[in-house]
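Coordinates in review
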Amino acid sequence: MPELPEVEAARRAIEDNCIGKKIVRAIIADDPKVIDGVSPMEFKASLEGKTIIAANRKGKNMWIELDSPPFPTFQFGMAGAIYIKGVAVTKYKRSAVTDDDEWPSKYSKVFLELEDGLELSFTDKRRFARVRSLENPVSVPPISELGPDALLEPMTVDEFCKALSKKKIGIKALLLDQSFISGIGNWIADEVLYQARIHPMQSASSISKEDCATLLKCINEVIQKAVEVGADSSQYPTNWIFHSREKKPGKAFVDGKKIEFITAGGRTSAFVPDLQKNTGAESAKATGKKQQGKVQRVEHNDSDDQDEEPEIEEAAAGKSKVKQRGRNTKRASTNKKSKESNSEDDENDSDEGLRKPSVKAKQNRSSKGKVGGQKNQTRGTNAAAKRKLEESDDDDDDNDASGGDDDNEQGKDQKLSSKTQSKGKKTTKRTAEPKQTRNVPSKKQK
């Protein structure tokens, strides 16, 4: 990944090959994730016809100074790289452009053609880089927020020790903080801590003055050596941990010592436990419980042992599942009892229904009884009327001797019988209605 030595190698390649030359053509990729804050057409117009005056760098950022602003500024990210056609520029693992690839590369974000035919390209396969067009790059973020450059603005021992004494965080995390020192990335931090024999999780404030001086010396030596060889890792000293930090856990060694891997400062960190001891009194406070948990997991994984913490989590999860199952069982048994209780109630209700007549049945029987009583009452009334008529007929027979009177009385009897029959029919009709609508309540009940 590009750190200070790789970006410095790119800056020097531009300085050696492009200074004093005019840009005659520019091609800007339509990629707003990388080309930040300016449209491709505006960026193109700000470059063409301009002459390159200088190439500058601070930390892991570089900008090309032209004869007039704005200036193209490059933040390399994880895979950003400068290529000059026909010129050897340091390549690194994630740059992903080889001599056999098409030119300009399909990953090119900024392509410049100079007046002498020289062509320059900034590529980024991973798209974590940022390219901006700025009037004054050093006055705005991210460059304005950077700490002193690890190569160009080295601290004195006293300044460095004083700065560390105020920081109660892990030393690896502090070295990666670009506002503290700019230019140090993951591999440089691992290397200088190994060379100084300091544990990555050691609290910065707990490091002795002697160890502070050793660490500062290692920072200067490692960066100067990497820049001296043009960031060509094949020329790094063989006793550097750099050459083994990409190997698998259990197979990584340096000078016969086993390398282990932990998470420090949010990054995978290589260190040698036999040589780098965490002796700081405040180391536990600096790392924090959460970060300590991450360290344990990585250490266990790298030593081919099983994770203790995940096992604890799984056990806790298992207990919670058992508890949940217990709760579910209790609920199920409660629901079952409730259902059984409801079914027993239903059975009891049905038994009582068999033993006791329902309300409607009582109403129907009551209405039947009343209708029957009315019917009997009607019959009694008709019989009484008939007896009265018969008595009146006897009286008329005694008083009247003529046959006409008998005929008249006979006609009366016929009329009376017809009236009685009609009354009987009406009564029968009224009593038949309840039989057709057995469940309809009587008028009295309404």
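The following refers to the structure shown. All of these numbers come straight from a predicted model, not from anything done at the bench. (Residues numbered from 1 in each chain as written. Predicted model: local features only at pLDDT ≥ 70, side-chain atom pairs only at ≥ 80, totals over all residues. Heavy atoms only, no water.)

**What about the overall build of the protein?**
If you tally the helices and strands in the protein, you get 10 helices and 12 strands. The buried share of the protein, reckoned over its 446 residues, is 36%. The long-range fraction of contacts in the protein, counting pairs at least 24 apart against all pairs at least 6 apart in sequence, stands at 66%. Carbon and sulfur atoms make up 48% of the accessible area of the protein, which totals about 26,000 Å². (Helix = DSSP H or I, 4+ residues; strand = E, 2+ residues; numbered from the N terminus. Buried < 20%, exposed > 50% of the residue type's maximum accessible area, 1.4 Å probe, protein only. Contact = heavy atoms within 4.5 Å. Areas by Shrake-Rupley, 256 points an atom, 1.4 Å probe, with all protein chains shown as cover.)

**Digging into the packing of aromatic side chains**
Each aromatic ring pair is specified by the distance between its two centres and by the angle formed by the two planes. All chains considered together, the criterion is met by 9 aromatic pairs. Note on Phe 76 and Phe 122: the rings are 5.4 Å apart at their centroids and 85° apart in plane angle, and the pair reads as edge-to-face. Taken together, the residues Phe 76 in the loop between β4 (71-75) and β5 (81-84) and Phe 122 in strand β7 (residues 119-123) connect sequence positions 46 residues apart. A single burial state applies to Phe 76 and to Phe 122, both of which are buried. Taken together, the ring pairs in this structure connect Trp 187, Tyr 236, Trp 240 and Phe 242 into an aromatic cluster. Between Lys 33 and the ring centre of Phe 128, over which it is positioned, the NZ or CZ distance is 5.2 Å. Over the face of the ring belonging to Tyr 194 we find Arg 197, whose NZ or CZ atom lies 4.7 Å from the ring centre. (Phe/Tyr/Trp six-rings, centres within 6.5 Å; stacked < 30°, edge-to-face > 60°. Lys NZ or Arg CZ within 6 Å of the ring centre and 35° of its normal.)

**Let's talk about the environment of Asn 61**
Along the chain, Asn 61 turns up in strand β3 (residues 61-66). Among residues more than four places away in sequence, those in contact with Asn 61 are Val 7, Asn 56, Phe 74, Gln 75, Pro 142, Ile 143 and Leu 146.

**Concerning the nonpolar core**
Membership of the largest hydrophobic core comes to 37 residues, with the highest contact counts inside it found for Phe 160, Leu 164, Ile 171, Ile 184 and Leu 215. When residues in this core are grouped by element, the largest group, 9 residues, is from helix α6 (residues 209-228). Those residues in contact with Leu 215, other than ones at most four positions away along the chain, are Phe 160, Leu 164, Ile 171, Val 192, Leu 193, Ala 196 and Ile 198. Membership of the second largest hydrophobic core comes to 32 residues, among which are Ala 13, Cys 18, Ala 26 and Leu 114. (Core = buried A, V, L, I, M, F, W, Y, C linked by side-chain atoms within 4.5 Å.)

**A look at the pairing of β5**
Burial of β5 is two-sided: the residues Ala 81 and Tyr 83 facing one way and the residues Ile 82 and Ile 84 facing the other way are all buried. Here β5 pairs with β7 via 4 bridges, running antiparallel. Across the sheet, the residue bridging to Ile 84 is Leu 120, located in β7. (Pairing = 2+ DSSP bridges.)

**Concerning the sheet that holds β7**
In a beta sheet, neighbouring strands are held together by backbone hydrogen bonds and run either parallel or antiparallel to one another. What the 4 strands build is an open sheet, ordered β1-β6-β7-β5; its pairing is antiparallel. If you trace the sheet from one side to the other, it starts and ends with β1 (23-28) and β5, each paired once. Within this sheet the neighbouring strands show an average axis-to-axis angle of 15°, counted without direction. Seen against the sheet, helix α1 (residues 4-17) touches β5 and β7 and runs at an angle of roughly 30° to β5. Along the sheet face, helix α2 (residues 40-47) touches β1 and β6 (108-114) and points at about 165° away from the line of β1. (Axes fitted to C-alpha atoms, helices over the stretch in contact; angles between N-to-C directions.)

**Concerning the sheet that holds strand β2 (residues 52-58)**
With antiparallel pairing, 4 strands are arranged side by side in an open sheet as β2-β3-β4-β8. The open sheet has two edge strands with one neighbour each: β2 and β8 (130-134). On average, each strand axis in the sheet is inclined to that of its neighbour by 20°, with strand direction left out of account. Judged from the 6 bridges that link them, β2 and β3 form a sheet pairing that is antiparallel. Counterpart to Ala 54 in the pairing with β3 is Glu 65. Relative to the sheet, α1 contacts β2 and β3, its axis offset from that of β2 by approximately 170°. Packed on one face of the sheet, α2 meets β3, β4 and β8 and runs near 60° to β8.

**Examining helix α5 (residues 186-196)**
Most of α5 is tucked away, with 10 of its 11 residues classed as buried. Regarding α5, the residues found buried are Asn 186, Trp 187, Ile 188, Ala 189, Asp 190, Glu 191, Val 192, Leu 193, Tyr 194 and Ala 196. Phi turns positive one or two residues past the end of α5, at Arg 197, with a value near 60°.

**Side note on the packing of α1 against α6**
At a minimum axis separation of 9 Å, α1 and α6 run at an interaxial angle of 35°. Seen from above, α1 lies across α6 with right-handed handedness. Packed against α1, whose contacting residues are Leu 4, Pro 5, Glu 8 and Arg 12, the element α6 presents Ile 223, Ala 226 and Val 227 at the interface. Classifying every residue of the contact of α1 with α6 gives 5 nonpolar, no polar and 2 charged. (Left-handed = near helix turned anticlockwise from the far one by under 90°. Nonpolar A, V, L, I, M, F, W, Y, C, P; charged D, E, K, R; others polar.)

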